[in-house]
Amino acid sequence: MSSTDPFSAIADPNRRYLLEELRRAPKTVNDLASGLPISRPAVSQHLKALLDCNLVCVTSEGTKRIYSVNKPGFDRLNLWLDQFWS
């Protein structure tokens, strides 16, 4: 599996937590780090893994980077999963 494999990315519980938080609303790294027992740099590394497989996207607002769920990335996962229910 490559590092851009979305299934590998969501296998990590911290990344699943980040996705759950981002599902509720876009957030900054600081916002996301407040709910995890890991450092802000570690949160950034997890977000990079999610970015690399297109499950999240990022926009800039001034000096802040706002992360959000990237729906097209999840559409790709859904298409793959749906083949098992067809």
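These notes cover the structure that comes with them. Model, not experiment: these values are computed from the prediction.

Helix and strand content of the protein: five helices and two strands. Overall, the protein shows an N-to-C arrangement of helices and strands of α-α-α-α-β-β-α. Taking 2.2 N^0.38 as the reference for a compact globule, 86 residues should give roughly 12 Å; the C-alpha atoms of the protein span a radius of gyration of 13 Å, in line with that estimate. C-alpha atoms of the protein, sized along the principal axes, occupy 45 × 25 × 20 Å. In the protein, buried positions account for 34% of the 86 residues. For the protein, the proportion of contacts with a sequence separation of at least 24, taken over those separated by at least 6, is 46%. Surface exposure of the protein reaches about 5,600 Å², of which carbon and sulfur atoms provide 54%. When the 11 positive and 9 negative side-chain charges of the protein are each reduced to one mean point, those points stand 4 Å apart.

Its identity is not glycine, yet Asn-54 carries a phi of approximately 65°, on the positive side. Residue placement: Asn-54 occurs in the loop between α4 (40–52) and β1 (56–61). For Asn-54, a relative accessible area of 40% puts it in the partly exposed group.

Overall, the coordinates contain five salt bridges when judged by the stated rule. Glu-20 serves as the salt-bridge partner of Arg-23, at 3.0 Å between the closest nitrogen and oxygen. Taken together, the positions of Arg-23 and Glu-20, both in helix α2 (residues 13–24) and three residues apart, correspond to about one turn of that helix.

Now for the packing of α2 against α4. Direction vectors running N to C along α2 and α4 enclose 80°, while the axes themselves pass 10 Å from each other. Between α2 and α4, the angle falls in the class roughly perpendicular. Where α2 abuts α4, its residues Asn-14, Arg-15, Leu-18, Leu-19 and Leu-22 lie against Val-43, His-46, Leu-47, Ala-49 and Leu-50. The residue makeup of the contact of α2 with α4, split by class, is seven nonpolar, two polar and one charged.

Conventions used here
Residues numbered from 1 in each chain as written. Predicted model: local features only at pLDDT ≥ 70, side-chain atom pairs only at ≥ 80, totals over all residues. Heavy atoms only, no water. Helix = DSSP H or I, 4+ residues; strand = E, 2+ residues; numbered from the N terminus. Rg over C-alpha atoms; globule rule 2.2 N^0.38 Å. Buried < 20%, exposed > 50% of the residue type's maximum accessible area, 1.4 Å probe, protein only. Contact = heavy atoms within 4.5 Å. Areas by Shrake-Rupley, 256 points an atom, 1.4 Å probe, with all protein chains shown as cover. Lys, Arg positive; Asp, Glu negative; His and termini not counted. Charge placed at Lys NZ, Arg CZ, Asp CG, Glu CD. Salt bridge = Lys/Arg side-chain N within 4 Å of Asp/Glu carboxyl O. Axes fitted to C-alpha atoms, helices over the stretch in contact; angles between N-to-C directions. Parallel < 35°, antiparallel > 145°, perpendicular 65-115°, else oblique. Nonpolar A, V, L, I, M, F, W, Y, C, P; charged D, E, K, R; others polar.

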